[in-house]
Amino acid sequence: MSAPLQLHLDPRLLRAFVLVAEELHFTRAAARLYVAQQALSRDVRRLERELGAELFVRTTRQVTLTPDGERLVPYARRVLAAQDELLAAFRQARPLLVDLNSPGLRTGRRVLHRARELAPEQELMARYESGLTWAAGELLAGRLDVSFGRFAGLDPVLRAGLDHHLVRYEPMAVVLPEDHRLASLAEVPVDALAGESVYAGAGNPRTPEWTDLARRLFAGRGIEVAAPAPMAVGEEEFERVMAKTRNPILAVVDFPAMPRTVLRPLVDPVPLSPVSLVWRKGLVHTGFDALRRAAVEIATAEGWLHRPVDGWIPAIDVDMLKE
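Let me begin by describing the structure that accompanies this report. (Residues numbered from 1 in each chain as written. Predicted model: local features only at pLDDT ≥ 70, side-chain atom pairs only at ≥ 80, totals over all residues. Heavy atoms only, no water.)

**As for the pairing of strand 3 (residues 96–99)**
In regular strands, side chains alternate between the two faces of the sheet. In strand 3, alternate side chains face the same way, and those of Leu96 and Val98 on one face and Leu97 and Asp99 on the other are all buried. Across four bridges, the pairing between strand 3 and strand 4 (residues 124–127) is parallel. Bridge pairing links Leu96 to Leu124 in strand 4. Read from strand 3 through helix 5 (residues 106–118) to strand 4, the crossover connection turns out right-handed. (Buried < 20%, exposed > 50% of the residue type's maximum accessible area, 1.4 Å probe, protein only. Helix = DSSP H or I, 4+ residues; strand = E, 2+ residues; numbered from the N terminus. Pairing = 2+ DSSP bridges. Right-handed = clockwise from strand over helix to strand, strands pointing away.)

Below, the structure written as structure tokens:
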């Protein structure tokens, strides 16, 4: 006898369904959830696949509930009411642990600060795990709740237990010694790095997703990924290692200023680092809801998801973001 079918529905999918059922309009429902319409549509399609039922009839003029959709509404509302009751009971039980990678990076820090403004009654605690790959293991183990980084660069085994929401296409840059041959340029064309060995975290077990991004960018351009080196922690160590190796360092435009170096954006093309909010599947926490709202709010206000005409991201990232 075959085992009975087991469904494990994410309450987030039910919440998306209920709001569309109430509004009968995907754009208005997405605005209420503080998510992009594309993400909301993706969640509804996923719920339909998991239930094996069509829930809405969509035309260019209107959205209506199917009979199965009508049947689901009261069940979904009861599940969400129970979830809200549970959250209310445990709202102050523990802080939300948010990994910002490293203290100097601004994307995650800005989202966290805004989330604290949106939910001042919640305790959102910052952590610094230095890279998404390392943080992903901590997320799956329950020692972290949320992180930021390039989701497509994770091992598929790690991705299987995680979910993500794209927050920003972050323009990339290069950190150069102040007397480097390219330091006088306001912007550095990617091909101008030909012949250089650029440090991109090779050998660092916390950041292989970043090294992979570098290799994809450098492929066919005559640029080498610098050999593994001990990770420099603190300005003094950074300055010492930079003076010793003189390797340019692949970074992002918001990378913090370091002594005796210059930060130059990369152009022709403009390489972009896709930064996602990443969490373990099934995470339920009121502070997390505020974090997602903050991410959508800032991304919309700042144009974080705008891709310039000459923007570059790896094909694997493009394909994953379509899913």
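**With respect to helix 2 (residues 26–33)**
Buried residues of helix 2: Phe26, Ala29 and Ala30, and no others. Projected down its long axis, helix 2 shows its buried positions confined to an angular sector of 100 degrees, all on one face. Buried residues along helix 2 sit in contact with helix 1 (11–23), helix 3 (37–51), strand 1 (56–58) and strand 2 (63–65). Positive phi shows up at Tyr34, right after helix 2, with a value of about 60 degrees. (Arc of directions from axis to C-beta. Contact = heavy atoms within 4.5 Å.)

**Notes on empty space enclosed by the protein**
Left-over empty space is what a probe sized like a water molecule reveals as it rolls over the atoms. One pass over the full model with this rule turns up one cavity of 30 Å³ or more. In this model, the largest cavity occupies a volume close to 50 Å³. Along its surface, the largest cavity is lined by Gly149, Arg150, Phe151, Ala152, His164, Leu166, Pro274, Ser276, Asp317, Met320 and Leu321. Those elements giving two or more residues to the lining of the largest cavity turn out to be strand 6 (162–177), strand 12 (270–280) and helix 11 (315–322). Ranked by the residues each element gives to the lining of the largest cavity, the list is headed by helix 11, at three residues. Its residues assigned to classes, the lining of the largest cavity comprises six nonpolar, three polar and two charged. (1 Å grid on protein atoms, 1.4 Å probe; cavity = no way out; pocket = protein on both sides within 12 Å on 5 of 7 lines; lining within 4 Å. Points joined across faces, edges and corners; volume = space filled by probe spheres on them. Nonpolar A, V, L, I, M, F, W, Y, C, P; charged D, E, K, R; others polar.)

**Description of unusual backbone geometry**
Residue Asp268 is joined to Pro269 through a cis peptide bond whose omega torsion reads 0 degrees. Along the chain, Pro269 turns up in the loop between strand 11 (261–267) and strand 12. Of note, Leu24 is a non-glycine position whose phi angle comes to about 50 degrees, a positive value. The topology assignment puts Leu24 in the loop between helix 1 and helix 2. Taking the relative accessible area as the measure of exposure, Leu24 reaches 35% and is therefore partly exposed. A positive phi angle, near 55 degrees, is found at Arg260, a position not held by glycine.

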